[in-house]
Amino acid sequence: MESAINSVDRAFRNHKEIKIMIRNFKFPNIFYFFQMVSAFFSYITTLWQIFFSIILKITSKLLSITRNKPLLPPGPKPWPIVGCIPQMVLNKKPAFEWIHKLMEEMDTEIACIRLGNVHVIPVTSPELACLFLKNQDSIFSSRPICMSANLVSNGYLNLGSVPMGDQWMKRRRIISSHVLSATSFQWLRHKRDEEADHLLRFVYHQCINKCLVINLRKVTRYYSANVIKNMIFSKRLLGKSIIQNGGPLVELQEDQEKQIDAIFTLLEYFHSFSISDYLPWLSGFDLDGHKAIIKKAFAIATKYIDLEIDERIHIWKNGNKTVEEDILDVLIILKDTNGNPMLNDKEIKAQVLELMLATIDNPSHAVECTIKEMLNQPKIMQRATEEIDNVIGSNRLVQESDLPQLNYVKACIKESFRLHPLAAFNVPHVSISDSVVGEYFIPKGSAVLLSRLGLGRNPRVWDDPMKFKPERHISEEGGDVVFTDSELRLLSFSIGRRGCPGVKLGSTITTMLLARLLQGFTWSLPSNSPGNDLTNDYPECVLLCTMPFFAEAKPRLPKDMYP
């Protein structure tokens, strides 16, 4: 019994010792591992908290900026890379008409249509137009780099197509100070007077040879071409004389007709929404054929111009000419401060072509449309003719000095500029930096297009906009009627830094052309000819209108009044 008790006592003591040993025993490796794991996860958790805090702040900031940043103007959703070019190409109507219809459907006066990588911004609001070309003119003063401009300007060698920079400043100074200055305008007046007399003679000879139905498109275009060619080359468009019924009838030679047609082809395809203008990497394929058309027209238009210029340069270099007689002489002999020519041969040729392009289009088109409208509303023609008779009298012809007094005649022309612009849009103005115009964000590189059609026909601005009403341009206080509009409710001549430097010349050519035609002849529609409704559709008032206009003319002055 005693031994059993001792055994139990020993076992109990051993158990207590084991318990003490277990209690005092440490597992250093296991506890260290869990401590490291715990510290690691604590560190990771802290990092994630910091990361999400930063992300939250950045997101909040971006959302705040986005809410405050103006949006792009409204427009169709573009495709990747090509933008809205598929919609434009698949549309059966001309691109400019598609754009106007799109804006009409969206009920907006400004839009953003991405073509390729270019944001095209068409504008029909005069208020926004003023913001672009007056308030922020310095930003929207460059020109696009594109296929059509490159070809027509022979590598951006003229004033109108060259982007902003030193070359633009040089050419602007040459044109404004030497070619189209007030001094040059008066110096070359006798050449314009010669062509005004030739105009009357040409139409009169057709009348006396019983060619009473006159092709007005040819008359207006050839007059404008003769004026500028005489001013540049001291030559006019030469023609062949045809003896018909005992009298001379002058018709242009075929190659000269082709030259005039080629000039208008260049005008038609210049910035005409070609695929190659917006996707230059497709230029080699010429998918719409514009590139080939421009190249062909350029070759025809410049063939004789370049020959004339080369010959004149050769004459000056040989010392066979020492007196300036025309614009070409001025361009050739201009020297910089070091005595070097300011323009090389290629620049002279490009600038001469631009002068012809800019001078022939607006005057001829405006006068043709004005006479069309007058024949639809004979009272307008009667009032304009009466004004000429009252100011000029019956014993002399209209002269340039009389034009400031012919306000109703000029109002008729201005109304044609408003209602029947030659082109739907002006030449694109490219932004040189990001900008905010009105409530819209306009990215750098955007091409802003002021719509001549949209501005001139805006029903919010004009009362009865589709009706030809010259009276709307004559103020009750009187004053001289000018073709430009400071509020940009119409766009006859561009304004701002890239504005037209030849406003006075263009205005004079246009007014003299219409005044001489009205003074010298009585005009009427040919028998069995319908009226000339020009406002039903967009293509009726732009270069897409291919049908020339014919009208009957009868002399209304004494025979000895015709030169």
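These figures come from a predicted structure and were not determined experimentally.

J.: Summarise the UniProt feature "binding site: heme" (unreviewed entry) in the protein chain; cite the residues concerned and give the values.
T.: As annotated in UniProt, the feature "binding site: heme" (unreviewed entry) corresponds to Cys500 in the numbering used here. Position of Cys500 among the secondary structure elements: in the loop between α18 (452-456) and α19 (503-520). Leaving out residues up to four positions away in the same chain, Cys500 has contacts with Phe493 and Ser494.

J.: Can you break down the packing of helix α15 (residues 345-376) against α19 residue by residue, with the values?
T.: Across the interface, α15 lies against α19 with an axial gap of 9 Å and an inter-helix angle of 35°. The handedness of the crossing between α15 and α19 is right-handed. Between α15, through Thr359, Pro363, Ser364, Ala366, Val367, Thr370, Ile371 and Met374, and α19, the contact on the second element is made entirely by Gly506, Ile509, Thr510, Leu513, Leu514, Leu517 and Leu518. Per-class residue counts for the contact of α15 with α19 are 10 nonpolar, five polar and no charged.

J.: Describe the sheet that holds strand β6 (residues 429-430), naming the residues involved and giving the relevant values.
T.: Strands sit in the order β1-β2-β9-β6 across an open sheet of four strands; the sheet is mixed. Strands at the two margins of the open sheet, each flanked by one partner only, are β1 (113-115) and β6. Pairing analysis gives three bridges linking β1 to strand β2 (residues 118-123), with the strands arranged antiparallel. In the sheet register, Leu115 faces β2, and the bridge partner there is Val118.

J.: Account for the nonpolar core, with residues named and values stated.
T.: Counting 98 residues, the largest nonpolar core has Val203, Leu517 and Trp523 as the members making the most contacts within it. Residue contacts for Leu517: discarding those within four places in its chain leaves Leu199, Val203, Leu216, Val219, Val367, Ile371 and Trp523.

J.: I'd like a rundown of the pattern of salt bridges, residues and numbers included.
T.: By the definition in use, this model includes 28 salt bridges. Across the pair Lys218 and Glu257 runs a salt bridge, and its minimum N-O distance is 3.8 Å. Of this pair, Lys218 sits in helix α10 (residues 216-233) while Glu257 sits in helix α11 (residues 254-269); the two residues are 39 residues apart in sequence, bridging distant segments of the chain. The exposure class assigned to Glu257 is partly exposed, which follows from its relative accessible area of 22%.

J.: Hey, could you go over the environment of Val409 for me, with residue numbers and the actual values?
T.: Mapped onto the elements, Val409 comes out in helix α17 (residues 407-419). Here the alpha-carbon distance between Val409 and Glu387, two residues 22 residues apart in the chain, equals 7.7 Å. Not counting residues within four places of it along the chain, the set of residues in contact with Val409 comprises Ala384, Glu387, Ile388, Thr511 and Leu514.

J.: An account of the sheet that holds strand β11 (residues 550-555) is requested, with residue identities and associated values reported.
T.: Reading across the sheet, the three strands line up as β3-β11-β10 and stay open at both edges, with antiparallel pairing between neighbours. The sheet is open, and its two edges are formed by β3 (213-215) and β10 (521-524), each paired on a single side. Neighbouring strand axes in the sheet, compared pairwise and without regard to direction, differ in orientation by 45° on average. Both β3 and β11 contribute to a ladder of three bridges, which runs antiparallel. By the bridge assignment, Asn215 is partnered in β11 with Phe550.

J.: Run through helix α16 (residues 378-392), naming residues and quoting values.
T.: Relative to the 21 Å expected for 15 residues at 1.5 Å per residue, α16 spans 21 Å between its end C-alpha atoms, a close match to the ideal helical length. Next to the buried residues of α16 lie α15, α17, α19 and β10. Backbone geometry just after α16 places Gly393 at a positive phi near 90°.

J.: Any chance you could break down the side chain of Arg143 for me, citing the residues and the numbers?
T.: Here Arg143 is to be found in the loop between α5 (126-135) and α6 (147-152). For the buried Arg143, no salt bridge exists, and the shortest N-O distance to an oppositely charged side chain is 7.6 Å, to Glu354. Engagement of the side chain of Arg143 in a polar contact is seen with the backbone oxygen of Pro428, the distance being 2.9 Å. Filtering out sequence-adjacent residues up to four positions away, Arg143 remains in contact with Gly160, Ser161, Val162, Pro163, Val427, Pro428, His429, Val430 and Arg498.

J.: Please give an account of the packing of helix α7 (residues 166-179) against α15 that cites residues and values.
T.: It is at 13 Å that the axes of α7 and α15 come closest, and there the two elements cross at 60°. When the axes of α7 and α15 are compared, the pair comes out oblique. Crossing of α7 over α15 shows right-handed handedness. Packed against α7, whose contacting residues are Gln167, Lys170, Arg171, Ile175 and Val179, the element α15 presents Glu347, Gln351 and Leu355 at the interface. Broken down by class, the residue content of the contact of α7 with α15 amounts to three nonpolar, two polar and three charged.

Quick notes on the rules
Residues numbered from 1 in each chain as written. Predicted model: local features only at pLDDT ≥ 70, side-chain atom pairs only at ≥ 80, totals over all residues. Heavy atoms only, no water. UniProt positions renumbered as here; feature names shortened; annotations may be inferred. Helix = DSSP H or I, 4+ residues; strand = E, 2+ residues; numbered from the N terminus. Contact = heavy atoms within 4.5 Å. Axes fitted to C-alpha atoms, helices over the stretch in contact; angles between N-to-C directions. Left-handed = near helix turned anticlockwise from the far one by under 90°. Nonpolar A, V, L, I, M, F, W, Y, C, P; charged D, E, K, R; others polar. Pairing = 2+ DSSP bridges. Core = buried A, V, L, I, M, F, W, Y, C linked by side-chain atoms within 4.5 Å. Buried < 20%, exposed > 50% of the residue type's maximum accessible area, 1.4 Å probe, protein only. Salt bridge = Lys/Arg side-chain N within 4 Å of Asp/Glu carboxyl O. Expected span 1.5 Å × (residues − 1). Lys, Arg positive; Asp, Glu negative; His and termini not counted. Polar contact = N/O pair within 3.5 Å; in protein donor to acceptor, adjacent residues only side chain to side chain. Parallel < 35°, antiparallel > 145°, perpendicular 65-115°, else oblique.

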